[in-house]
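Examination of the molecular architecture
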Amino acid sequence: DVYKRQGEASAMVLSDDNFATIVKAVEEGRSIYSNMKAFIRYMISSNIGEVVSIFLTSTLGVPDGLSSIQLLWVNLVTDGLPATALSFNPPERDIMNRPPRKHDEGIITPWIFFRYLVIGSYVGLTTVGIFIYWYCYYDWAGDGHTLVSFSQLSNWSECTHWDGFKVANFSPDYDFTANPCTYFTIGKEKASSMSLSVIVMIEMFNALNALSEEQSLFKVGLLGNPWLLLAIASSITLHCILLYTPFLGDIFGVVPLTLSDWKIVILFSAPVILIDEVLKFFARLRSNAEAREWEEKHK
């Protein structure tokens, strides 16, 4: 039976031994492998970001910026569509110019894992950072919310012992007169909404980064994978429906964002593209060095 199967395989290969077909098959295999790595890179860096966010929140002592149901929303809804669309990435232009992979090379190399950590750390830092920014520094929000010091925010659980602490009732939905300490629990909905929006928008920008493992996004362009653009547009639309639909807002603990809020969200989110561009630059240097080494060995 084994010999029979080997014979069938040989017959299949010999029935089409055109060199162009072989090259096309190798290109397709490399493309599938590359898209698989893009999917893994996108999902792992996202999950690392969420872990870093939770760790930082606990370490700094600030209120939780994201609830469990909000994290579930990010993982199941907003991340799922772009991650699926990455499987439709076209083959990269230089994919056939790369030397063969080592037979024992894993999908996640130390360098790739370092990239996961860098992007994931940025996701976590910005998610917590914008939450702190709303409470401590966002004085041009236009909603009249009370700014507190970082020391107060990180020690919010001791609020009941603060003498003379008062906050403004910046929305008809809140009344902090009787208990101003609820400003850090009930009153955190806007800050939490901005944190959730930052993590969603960073994931959308990071999906664009995943169009190529090493080539600059500015060189690859945005139109290489129209399915990814559709997935990003759909994810953002779903997120806006969540923010601006009252009954969904009550379920997920979010409120609508103003234009000023969105400006801050984009300002915190967009730099992930520049960070990945720097990482891609060093990745290209590594790949070029490895290619020269391989050529020297196989002259």
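Everything here concerns the structure above.
Residues numbered from 1 in each chain as written. Predicted model: local features only at pLDDT ≥ 70, side-chain atom pairs only at ≥ 80, totals over all residues. Heavy atoms only, no water.

1. Structural notes on the pattern of salt bridges
Taken as a whole and assessed by the stated rule, the structure comprises four salt bridges. Among the ionic pairs, Lys280 bridges to Asp276, the shortest N-O distance being 3.9 Å. With a gap of four residues between them, Lys280 and Asp276 both fall in helix α12 (residues 271–297), about one helical turn apart. Each member of the pair, Lys280 as well as Asp276, carries the same accessibility label: buried. Connected through salt bridges with shared partners, the residues Arg115, Asp276 and Lys280 form a single ionic network. (Salt bridge = Lys/Arg side-chain N within 4 Å of Asp/Glu carboxyl O. Helix = DSSP H or I, 4+ residues; strand = E, 2+ residues; numbered from the N terminus. Buried < 20%, exposed > 50% of the residue type's maximum accessible area, 1.4 Å probe, protein only.)

2. A short note on a nonpolar patch on the surface
A grouping of Val278, Phe281, Phe282 and Leu285 is seen on the molecular surface, where their side chains present a nonpolar patch of about 370 Å² in accessible area. Counting through the fold element by element, Phe281 comes out in helix α12. Residue classification places Phe281 among the partly exposed positions, given a relative accessible area of 43%. (Patch = residues over 30% accessible without salt bridge, like charges linked within 9 Å, V, L, I, M, F, W, Y side chains within 5 Å. Areas by Shrake-Rupley, 256 points an atom, 1.4 Å probe, with all protein chains shown as cover.)

3. With respect to the state of the cysteines
Across all of its chains, the model carries one disulfide by this definition. Shown here is the disulfide that connects Cys159 with Cys181, its sulfur atoms set 2.1 Å apart. Disulfide Cys159-Cys181: the torsion about the S-S bond is -95 degrees, which places it as left-handed. Taken together, the positions of Cys159 in the loop between α6 (150–154) and α7 (189–209) and Cys181 in the loop between α6 and α7 put the pair 22 residues apart, joining distant regions of the chain. Neither Cys159 nor Cys181 differs from the other in exposure class; each is buried. (Disulfide = S-S within 2.5 Å.)

4. A few points about the nonpolar core
Counting residues in each nonpolar core, the largest one holds 74 residues, and the members touching the most others are Trp134, Tyr135, Leu153, Tyr183, Phe184 and Leu228. No other element matches the 14 residues that helix α5 (residues 110–136) contributes to this core. Residues within four places of Leu153 in sequence aside, it is in contact with Gly61, Val62, Pro63, Ile132, Tyr135, Cys136, Val148 and Phe184. (Core = buried A, V, L, I, M, F, W, Y, C linked by side-chain atoms within 4.5 Å. Contact = heavy atoms within 4.5 Å.)

5. What about the environment of Ala168?
Mapped onto the elements, Ala168 comes out in the loop between α6 and α7. Here the alpha-carbon distance between Ala168 and Thr21, two residues 147 residues apart in the chain, equals 71 Å. If near-sequence neighbours (up to four positions away) are discounted, Ala168 is found in contact with Gly144, Thr146 and Phe176.

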